[in-house]
Amino acid sequence: MKISPLFILPNLFTAGSIFLGILSIIASSHNNFALACWFIVISMILDGLDGRVARLTNTSSKFGVEFDSLADVVAFGVAPAILLFFYVGESYGRLGEVVPALFVIFGAIRLARFNITTSDEPHFFIGLPIPSAAIFVVLWILVDLEYSIFSASMLPLLLCAFIVGILMVSNIRYPSFKKMHWNLKAFIVLVILLGVIFVYPSEALCILISLYVVYGVVRWLILFGKILCKTDKSK
C-alpha cells in the first residue's frame, strides 16, 4: 500500500516536536536551562504547525491525532516537568518531586479527555491546553533566569506550576484561536505583537501567556458570580 508523501509531512512536524522535547530534557539534566526552555518554545511552534499542515494538505488522520497527543505528553508534559525539577524541585525534596510528577499526570489526563470528548463550543478549550501550561512554566523560568524574580524563594514557581496543572483538568474554558476570523485590525495587532516579541522575546511572551491563563480564571469567576446572583434572586 503506497502512502502519499503529503501524509508524512505533518507527522514530521510532530516527530520534530518530540525530538526537541528530548533535547530539552538532556539540556535540563546538564543545567543548561535557557536552552532547555527555548527547545520547548520551538517545539510548541512545531506542534501548532502540524495540525495546520494536515488541514491544508487534507492529510488529517486518526494516526496523526494519536501521534500528536503522545508527542504532547513528551514535549509539554515530561520535558517541562524535568526542567522544573532540575531548576526548582531539587531544592525542595519530595515537594519538588511531586509537583513535576503531578504536572505530567494532569497533562496526560487533559489530553485523554480532549481526545474522547467533543466541545459544544468550538471556539473554546475545556481546561487549559497542555502546551499553554508548559509554556507558562517555561517562560517564567526564562524570565527568572534573566531577572532573578524568584531569588528569595522558588516556592511561588512550584505553586504556579501546580495551579496550571489543576487548570488543565478543570472545566474552565479557554479561547481557541484555531478558527479565529482574521481582518485588517487583527493583522495590525499581530504585526505589533510580533515586533514587541522580537525586541523582548521572553518578557513579551511571558506576559501574553500569563494574561491568557488569568483570563480563563477571571472569566470563570465572573460567570460563577452571575450564576450566584441569579440563584439569590430566584429565592
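Residues numbered from 1 in each chain as written. Predicted model: local features only at pLDDT ≥ 70, side-chain atom pairs only at ≥ 80, totals over all residues. Heavy atoms only, no water.

Under an unreviewed UniProt entry, the protein chain has the name CDP-diacylglycerol--serine O-phosphatidyltransferase and belongs to Helicobacter equorum. Listed in UniProt under the heading Catalytic activity (unreviewed entry), the comment for the protein chain reads: "a CDP-1,2-diacyl-sn-glycerol + L-serine = a 1,2-diacyl-sn-glycero-3-phospho-L-serine + CMP + H(+)". UniProt lists a comment for the protein chain under the heading Subcellular location (unreviewed entry), and it reads "Endomembrane system". (UniProt positions renumbered as here; feature names shortened; annotations may be inferred.)

K.L.:
For this particular structure, what's the right way to read the nonpolar core?
P.N.:
General note: in soluble globular proteins, nonpolar side chains tend to be found buried as a group. Residues Leu83, Leu84, Leu128, Val137, Leu157 and Val164 are the most contacted members of the largest nonpolar core, which totals 47 residues. Element by element, the count of residues in this core is highest for helix α5 (residues 130–147), at 11 residues. (Core = buried A, V, L, I, M, F, W, Y, C linked by side-chain atoms within 4.5 Å. Buried < 20%, exposed > 50% of the residue type's maximum accessible area, 1.4 Å probe, protein only. Helix = DSSP H or I, 4+ residues; strand = E, 2+ residues; numbered from the N terminus.)

K.L.:
Even after reading the chapter, I still don't get the UniProt feature "transmembrane region" (unreviewed entry) in the protein chain, so can you show me in this structure?
P.N.:
Within this structure's numbering, the places UniProt gives as "transmembrane region" (unreviewed entry) are residues 7–27, 33–49, 70–89, 95–112, 124–143, 149–170, 182–201 and 207–229. From the first C-alpha to the last, residues 95–112 spans 26 Å; its make-up is 100% helix and 0% strand. Within residues 149–170, the helical portion is 64% and the strand portion 0%, while the C-alpha atoms at the span's ends are 28 Å from each other.

K.L.:
Where do I start with the packing of helix α3 (residues 62–87) against α5 in this structure?
P.N.:
When two helices pack together, their arrangement is given by the angle between the helix axes and by the axis-to-axis distance. Their axes nearest at 9 Å, the elements α3 and α5 cross at an angle of 30°. Judged on the interaxial angle alone, α5 and α3 are roughly parallel. Crossing hand, α3 versus α5: left-handed. Within the contact between the two elements, α3 uses Asp72, Phe76, Gly77, Pro80, Leu83, Leu84 and Tyr87 and α5 uses Ile130, Pro131, Ala134, Val137, Val138, Ile141, Asp144 and Leu145. (Axes fitted to C-alpha atoms, helices over the stretch in contact; angles between N-to-C directions. Parallel < 35°, antiparallel > 145°, perpendicular 65-115°, else oblique. Left-handed = near helix turned anticlockwise from the far one by under 90°. Contact = heavy atoms within 4.5 Å.)

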